[in-house]
Amino acid sequence: MRKPILIANWKMNGSLQSNQALMVRLLPRLRLFRKTMDLAVCPPFPYLFQVRDLLGYTGIMLGAQNVSSYVSGAYTGEVSATMLQEMGCRYVLVGHSERRALYGETSQDVAAKFRSVLGLGLIPVLCVGETLEERENNQTRTVIEQQIQAVIDEVGLASLARGVVAYEPVWAIGTGKTATPEQVSLVHQDIRQFVARCAPEASGDISQELRVIYGGSVKPGNAFELFSLPDVDGGLIGGASLHADDFGTIAGALAEASGVLTGECKVE
Ligand code: 13P
């Protein structure tokens, strides 16, 4: 069974004061869900320490939004996986579309980051997704397969499955335009089928172990429908994760959709 997972990506938002206020409201709302799903909060780097302290022993994990692929050295402005591990991070986002589009990260760069995160026993969350132009040119599947293939080339298939894949259509991020359940379903199925095709027959069906989550304008009003889709194992939440009530409601929707509260899980 794949354990549901919900990750808050705060992006470049927050302050010491607002983080504290958000966490104080959020933690009680997540209490009910922390044993049945993996929950993580990814603040900007300077606040990792603060959020780690606020999370304490709640069982909710700390995550980072980016990482360097290098171990240490003259890389001004970069943060290594070792440093993130020392800060208590469990998850690290790699290849978010904002990193790919605004900072020129290539799929090879992202694959190297995936490797460095995994090498320290942390869990990389590989973000993949197509732009609107790519979707309109029927390139969605090719683009996403290339993004995943780069990681398989770098670390191998079994290691890919030790991470999480987040499907985030670029055109749905921060735009209020959510992909339809049909669009999400198709891409998630494609991802699983692609991974299954990559697997040598003897290796078992890794594609059924891989957690694939959705991100892109997930809100309290659409979360349940998206999370009910059979190949969707959770969410990566941007804007709505900055509001305790919204994120709490989204966690509730994931719990309900995946049947973890009643013990009837949707995936055997
Ligand atoms: P929004 O939820 O704000 O659309 O952001 C999604 C995202 O990019 C999460 O990583």
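Since the structure is predicted, the reported quantities are computational estimates derived from the model, not experimental observations. (Residues numbered from 1 in each chain as written. Predicted model: local features only at pLDDT ≥ 70, side-chain atom pairs only at ≥ 80, totals over all residues. Heavy atoms only, no water.)

**Student:** How should I be thinking about the side chain of Ser-107 in this particular structure?
**Tutor:** Structurally, the position occupied by Ser-107 is in helix H5 (residues 107-119). Residue class for Ser-107 comes out buried when judged on its relative accessible area of 19%. Those residues in contact with Ser-107 that sit more than four places away from it in its chain are Arg-100, Gln-147 and Ala-150. (Helix = DSSP H or I, 4+ residues; strand = E, 2+ residues; numbered from the N terminus. Buried < 20%, exposed > 50% of the residue type's maximum accessible area, 1.4 Å probe, protein only. Contact = heavy atoms within 4.5 Å.)

**Student:** How do you make sense of the site of the ligand when you look at a structure like this?
**Tutor:** Close contacts around the ligand come from Asn-9, Lys-11, His-96, Glu-168, Ala-172, Ile-173, Gly-174, Gly-216, Ser-217, Leu-236, Gly-238 and Gly-239, and that covers them all. The separation between an oxygen atom of the ligand and a polar side-chain atom of Asn-9 is 3.0 Å. At 2.8 Å from an oxygen atom of the ligand is found a side-chain nitrogen or oxygen belonging to Lys-11. For the ligand, whose free accessible area comes to 310 Å², the fraction covered by protein is 97%. When grouped by side-chain class, the residues that make up the shell around the ligand number three nonpolar, seven polar and two charged. (Near = heavy atom within 4 Å. Polar contact = N/O pair within 3.5 Å; in protein donor to acceptor, adjacent residues only side chain to side chain. Areas by Shrake-Rupley, 256 points an atom, 1.4 Å probe, with all protein chains shown as cover. Nonpolar A, V, L, I, M, F, W, Y, C, P; charged D, E, K, R; others polar.)

**Student:** How should I be thinking about the nonpolar core in this particular structure?
**Tutor:** Across soluble globular proteins, you tend to see nonpolar side chains buried next to one another. In terms of nonpolar packing, the biggest core is built from 75 residues, with Leu-6, Leu-126, Leu-160, Ile-191 and Phe-227 touching the most fellow members. Grouped together as the second largest cluster of nonpolar side chains are 13 residues, Ile-7, Tyr-91, Leu-93 and Ile-213 included. (Core = buried A, V, L, I, M, F, W, Y, C linked by side-chain atoms within 4.5 Å.)

**Student:** Can you walk me through the environment of Ser-97 in this structure?
**Tutor:** Counting through the fold element by element, Ser-97 comes out in helix H4 (residues 97-103). The exposure class of Ser-97 is buried, given its relative accessible area of 13%. Residues Ser-97 and Asp-233, spaced 136 residues apart in sequence, show a C-alpha to C-alpha distance of 20 Å. When neighbours within four sequence positions are excluded, Ser-97 is seen to be in contact with Leu-102, Val-170 and Ile-173.

**Student:** Is there a simple way to think about the sheet that holds strand E6 (residues 164-167) in this case?
**Tutor:** One key point about sheets: their strands pair by backbone hydrogen bonds, in either a parallel or an antiparallel sense. An order of E1-E2-E3-E4-E5-E6-E7-E8 is seen for the eight strands of this closed barrel, with the pairing classed as parallel. Taking each pair of neighbouring strands and ignoring which way they run, the sheet shows an average axis angle of 25°. Sheet topology note: the strand E2 (residues 38-42)/strand E3 (residues 61-64) ladder contains two bridges and is parallel. Residue Val-41 lies in a different strand from E3, and its bridge partner there is Leu-62. (Pairing = 2+ DSSP bridges. Axes fitted to C-alpha atoms, helices over the stretch in contact; angles between N-to-C directions.)

**Student:** It is not clear to me how the layout of surface pockets should be interpreted in this structure. Could you clarify?
**Tutor:** Picture a little ball the size of a water molecule; that probe, rolled over the atoms, points out where space is still empty. There is about 450 Å³ of room inside the largest pocket. Lining the largest pocket are 14 residues, with Lys-11, Met-12, Gln-65, Arg-99 and Tyr-103 sitting closest to its centre. The biggest single contributor to the lining of the largest pocket is H4, with four residues. Taken together, the residues of the lining of the largest pocket break down into seven nonpolar, four polar and three charged. (1 Å grid on protein atoms, 1.4 Å probe; cavity = no way out; pocket = protein on both sides within 12 Å on 5 of 7 lines; lining within 4 Å. Points joined across faces, edges and corners; volume = space filled by probe spheres on them.)

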